[in-house]
Amino acid sequence: MKKLILSLILGAVLFTMGCKENQDRLVLLPVADDPTVSFKVVFNVGSQNDPAGKEGLAALTATLIAEGSTKKHTYEEVLALLYPMAADVSEQVDKEMTVFSGRTHKDNLDAFYGLLKEVVLEPAFAEVDFVRVKNDFQNYVRTTLRYSQDEELGKEALYEFIFAETPYEHNEEGYVKSLQAITVEDVREFYKKHYTRENVVVGLGGGFERPLADRAWKDFDTLPAGDASPVPAPVPGKIEGIQVKIIEKDVQSTAISFGFPIGVTRGSRDFYALAIATSWLGQHRTSFAHLYQVIREARGLNYGDYAYIEHFPMSHGASFPPPNVARRQPIFQVWLRPVPNETRVFAFRAALRELRDLVENGMTAEEFELTRKFLKGYTLHYAPTTMMKLGYAIDDRFYGIEEGHWLRFSRMLDELTREEVNAALRKHFNYENLKAVFITPDAEGLKSALVNNAPSPITYASEKPTEVIEEDKEISIYPIVVKPENVTIVKADEVFEG
Amino acid sequence: MRLLLLPLLLLFFGAPVTARAQGERFFPYDYENLTLENGFKSILVPMKGSGLVAYYTVVRTGSRDEYEPGKTGFAHFFEHMMFRGTKKYPASAYNRLVSEMGAEANAFTGDDLTGYYMVIPSEKLETAMDLESDRFQNLTYEEAPFRTEAGAVYGEYRKNLASPFRLAYETLLKTAFDKHTYKHTTMGFEEDIKRMPELYEFSKSFFDRYYRPENCVLLIVGDFEPAAVKPMLEKYYGGWKPGYVAPTITPEPPQTAERQVDVTYTGRTLPLVWIAYKGGAFDPTDKSVVSAYLLGDLAFGENSELYKKLAIREQKVESINGDFGFSRDQKLYGITARVKDEGDIPYVIGEIDKTAEKFAGELVSRDDLENIKKRSRYGYLMSLDTPERVGSRLARTVALTGGIEAVDQLYATMAAVTVQDIQAAARRYLQKERRTVLVLKGAKS
């Protein structure tokens, strides 16, 4: 019974239809009394498929589909039809996946499904829509990403830094120059090449009836055949020492991200071992996170300090990551939310030191047990809705996890030992060879402090316990080995220029 | 002992209100209201099958209640301090128990509320109630951690600094309000946030006045048995001493002339036009307020003629929208537009003016009105799919009215809104002398 309840919560009651020809790419998650129906149409294409010089093309294509005219309706008409249903067709593009999602009340099921199908299968790629969407993309990169979202900028810059000269390098939205080069013909060609029968997965969840699923598959099976031609998994360059990119900006506080590739993906035993350790070190948006305790709770330096082994886009505004950002080459990363500029080196040292302690010493028995207990409950919150469960079910196909990720996670929490977790830490994590991004003013001052390994003592406006003061002395001289040639300084206006 | 409990419960609990028993209602779940003798109200909303419970404590105090000069931002600050522990459960013990439950636990603050929530496996409900009831009654903290937390609060303020919307909103409120506490954002004035570490004694007074049973409402939503919960409420909350002291909030005098303000953002941004009219205080039975809520989207939302003209056809703006939301006192009905070219700012403002005049002068089509009513109803119903989301939606309603009956009242009022009501709302609220016009530009073009 307990397992059944767990299965319900984790969304494992799903099945893929393998009984009919080609229906192995249909993912169904029926929920009998759900008054709504959730749809996902996923294509195995993403920014890794962008041609050189046309970075941003995959995302631009998907957005133009979701926010453009169809062959039957102008975009204005599509909006007007969706409006009374309180529904929309949203798109999400990551390195390897493009997903269109929509949810409707059953009252409007036929009308909504008809529109969803039309939007994805019959896009007009009208010039007037293309100009609008392309302009939005350019504004996003030039203004929003560079100036008004330092936290997101740092993380995107870190991916670019780690995956230099691989198909994962560029930001999904592309570069200022590459966006300029994209034409509506490029979009049409991209759609023709990648939006094929071989690349599509269709998901339905909630209160639908079987005939709709059959109809959906039949409809999307009309996509043209094509060559799936998968892009090889990226092979990031070896990182030697601590390499730093400083994005110089006139800001009052410094956002810091650092990390390295781990080559361990969801589904493998080591992945779950690392997930346990990373949760303890930096569970996103929780006071459970150890980094949070050290940097925010004990010292009040910022709003939060977290660690990840999977991609979490737009994490500044969400408690849990979205599904369908599956990647074959994930990274470990630490994200320090903005700290006062004068404490930037101290905070970096504090985080590195905690990482060192974790890698060198492993988790203690107490930490391991507490984290297991925490995750047993906390993993129930990742996919509360049918739409989220459907997304994870589609990810399970990507990673080849037949039992389902969340059920496997739960099982791994029972099976994994502390020794396995600590062995995985030593095998996959390190604290000496990594890349870091700072968004900060006075880049030369930061470079000098880093390459000279200058002590970074800290003072506080309030009294601190003796143990904090004593630990600060160690943190402030924690050795950072950064060679001058491993520090790159760029201006904010130069980032993602292309 | 059990025999004694029943008459006590009858004494302390009001008669249950079961929504479905009272005829056709919009809110789709049954619920019960229970009020203890000390004034503490609980709303129980069972939702079977998820295995989870959302536990929301709504303090009907937000930044609106920060009326003392130099002390803004304390409602939000308390969102932080409430995790600092009690004698029974010091912060480390509290964190440990919350972690062991695997709870999703967090808090949020707005103009009219501070909300604390936990989403937990159903079997942990009593543990959650033990923890939550304890900290609301017995929070204790020393001055040193208080000062440290002030640093984290300033860090939260700093992380938002890069946003041009943050700068615009702060300036808009400062300009639009003279007397009312809506003049400051929920974060508070920056100078007050900097001074927070010096206000330890004030913080205790803030807690003492506002964190009282008459000013708090508990929402329990999800997979639980109400019969099992009722005795727990008395056990854990029955001893909470009343003593709420209402804030002294100066009403905003009527605005008599248009206000304008220009803002420069230090970085690069699209220009932002923000036109905000003085709105109405929330009352779910007030047709004028409910009509205005619909008017905002009808006139300036993504299906409006103005959006289609400026964003899709002419492409003068990246986005435009109208947010005529609800607040406990009269706040602002805002229209925001991100303009692509600085030279088009006067044109965009002119088009917004023409739209306001059109809605005041002409009747909207009945189809358009019916469509937005449908959208509102479907949108609300579809958002009620998990205990956490139901709790989150209801928490806002509780903050405004003290209960959730307003959901049904609001949608009943909405059903009765006519095209004439929409016109009347436009005439009443979209007057230039009621508004503030903010224009933000980037220092770098």
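About the cut-offs
Residues numbered from 1 in each chain as written. Chains lettered and ligands numbered in written order. Predicted model: local features only at pLDDT ≥ 70, side-chain atom pairs only at ≥ 80, totals over all residues. Helix = DSSP H or I, 4+ residues; strand = E, 2+ residues; numbered from the N terminus. Buried ≥ 20, exposed ≤ 12 C-beta atoms within 10 Å, placed from the backbone. Domains from an automatic or database assignment. Contact = placed C-beta atoms within 7 Å. Nonpolar A, V, L, I, M, F, W, Y, C, P; charged D, E, K, R; others polar. Pairing = 2+ DSSP bridges. Axes fitted to C-alpha atoms, helices over the stretch in contact; angles between N-to-C directions. Arc of directions from axis to C-beta. pLDDT = per-residue confidence, 0-100. Parallel < 35°, antiparallel > 145°, perpendicular 65-115°, else oblique.

Novice: Please explain unusual backbone geometry as it appears in this structure.
Specialist: It is generally the case that most residues other than glycine have a negative phi and that most peptide bonds are trans. Residues and elements named next belong to chain A. For methionine 314, which is not a glycine, the phi torsion comes out positive at approximately 50°. Residue position: methionine 314 is located in the loop between β9 (305-308) and β10 (331-340). A residue is classified by how many C-beta atoms lie within 10 Å of it, and methionine 314, with 12 of them, is exposed.

Novice: Hey, could you run me through the domain arrangement of chain B in this one?
Specialist: The accessible area lost on association of the parts is a frequent measure of interface size. Residue and element names in this part refer to chain B. Here chain B is described as being made up of domain 1 (2-237) and domain 2 (259-444). Each of domain 1 and domain 2 has a C-alpha centre, and these two points are 28 Å apart. Opposite the 36 residues of domain 1 that make contact, domain 2 presents 34 residues. Mapped onto the side of domain 1 that touches domain 2, the elements with two or more residues apiece are β2 (41-46), β3 (52-59), β5 (114-121), α6 (164-176) and β6 (216-222).

Novice: For this particular structure, what's the right way to read the interface of chain A and chain B?
Specialist: Opposite the 55 residues of chain A that make contact, chain B presents 51 residues. Looking at the side of chain A that touches chain B, the elements that each hand over two or more residues are α1 (2-10), α3 (75-82), β5 (98-105), α5 (127-148), α6 (150-162), β10 and α13 (365-378) of chain A. When residues of the side of chain A that touches chain B are assigned to their parent elements, the largest contribution, 10 residues, is made by α5(A). Residues belonging to the side of chain A that touches chain B are distributed by class as follows: 24 nonpolar, 17 polar and 14 charged.

Novice: Is there a simple way to explain the sheet that holds strand β9 (residues 317-323) of chain B in this structure?
Specialist: All names here are of chain B. Read across the open sheet, the 5 strands follow the order β7-β11-β8-β10-β9; overall the sheet is mixed. The open sheet has two edge strands, β7 (259-268) and β9, and neither has a second partner. Pairs of neighbouring strands in the sheet enclose a mean axial angle of 15°, with direction left out of account. Bridge count for β9 against strand β10 (residues 332-339) is 6 bridges, and the pairing is antiparallel. The partner of asparagine 321 across the bridge, within β10, is threonine 336.

Novice: Please clarify how the sheet that holds β10(A) should be interpreted in this entry.
Specialist: Across a sheet, paired strands are connected by hydrogen bonds in the backbone, their directions being either parallel or antiparallel. All names here are of chain A. A sheet is described by the order of its strands in space; here 6 strands give the open sequence β9-β10-β8-β11-β7-β12, paired in mixed fashion. Only two strands of the sheet have a single neighbouring strand rather than two, namely β9 and β12 (487-491). Neighbouring strand axes in the sheet, compared pairwise and without regard to direction, differ in orientation by 15° on average. Examined bridge by bridge, strand β7 (residues 242-248) and β12 share 5 bridges and lie parallel to one another. From the neighbouring strand, isoleucine 247 faces β12, where its bridge partner is valine 490.

Novice: Please explain the environment of A:Tyr431 as it appears in this structure.
Specialist: Residue and element names in this part refer to chain A. Residue position: tyrosine 431 is located in the loop between α16 (418-428) and β11 (434-440). In sequence terms tyrosine 431 and isoleucine 242 are 189 residues apart; their C-alpha atoms lie 8.7 Å from each other. Those residues in contact with tyrosine 431, other than ones at most four positions away along the chain, are Leu352, Leu355, Arg356 and Val359.

Novice: Which parts of the structure should I look at to understand helix α9 (residues 210-220) of chain A?
Specialist: Within an α-helix, residues lying three or four positions from one another point in the same direction, as the helix has 3.6 residues per turn. Residue and element names in this part refer to chain A. Listed as buried for α9 are Ala216, Trp217 and Phe220. What you see down the axis of α9 is that its buried residues fit within an arc of 95°, all on one side. Among the exposed residues of α9, those oriented more than 90 degrees off its buried face are Pro211 and Lys218. Looking at the buried side of α9, the elements it contacts are β2 (26-30), β3 (36-43) and β6 (200-206).

Novice: Honestly, the domain arrangement of chain A in this entry has me stumped. Any pointers?
Specialist: All names here are of chain A. Taken as a whole, chain A is organised into domain 1 (12-220) and domain 2 (242-494). The distance between the C-alpha centroids of domain 1 and domain 2 comes to 30 Å. Counting residues at the interface gives 34 residues for domain 1 and 39 residues for domain 2. If you list the elements that add at least two residues to the side of domain 1 that touches domain 2, you get β2, β3, β5, α5, α6 and β6. Top element by residues in the side of domain 1 that touches domain 2 is α6. It accounts for 10 residues. Residues of the side of domain 1 that touches domain 2, tallied by class, amount to 16 nonpolar, 7 polar and 11 charged.

Novice: Before we go on, may I ask you to explain the confidence of the model for chain A in this structure?
Specialist: A low pLDDT score tells you not to read the predicted coordinates there in detail. Averaged over all residues, the pLDDT of chain A equals 93, while 95% of them reach at least 70. Note that pLDDT drops below 50 for residues 1-21 of chain A; the model gives that stretch 36 contacts with residues more than four away or on any other chain.

Novice: Would you explain the pairing of strand β4 (residues 104-109) of chain B in this entry?
Specialist: Here is the key point about a regular strand: its side chains alternate between the two faces of the sheet. Note that β4(B) and β5(B) share 6 bridges and pair antiparallel. Looking at the pairing, B:Thr109 lines up with B:Thr114 of β5(B).

Novice: So what exactly am I meant to see when it comes to the packing of helix α10 (residues 269-282) of chain A against α13(A) here?
Specialist: Helix packing for two helices is described by the angle between their axes and how far apart those axes are. Residue and element names in this part refer to chain A. Here α10 crosses α13 at 95°, and the two axes come no closer than 10 Å. As summarised for this structure, α10 and α13 are arranged roughly perpendicular, according to the angle between their axes. Here Ile276, Ser279 and Trp280 of α10 lie close against α13, whose contacting residues are Glu367, Thr371, Arg372, Phe374 and Leu375. In terms of residue class, the contact of α10 with α13 is made up of 4 nonpolar, 2 polar and 2 charged.

Novice: Quick question: what am I supposed to make of the confidence of the model for chain B here?
Specialist: All names here are of chain B. Confidence in the prediction of chain B, expressed as mean pLDDT, is 92, and 94% of residues score 70 or more. Contacts for the low-pLDDT stretch residues 1-23, under 50 throughout, to residues beyond four places or in other chains number 27 contacts. Scored as a complex, the prediction yields pTM 0.93 and ipTM 0.92.

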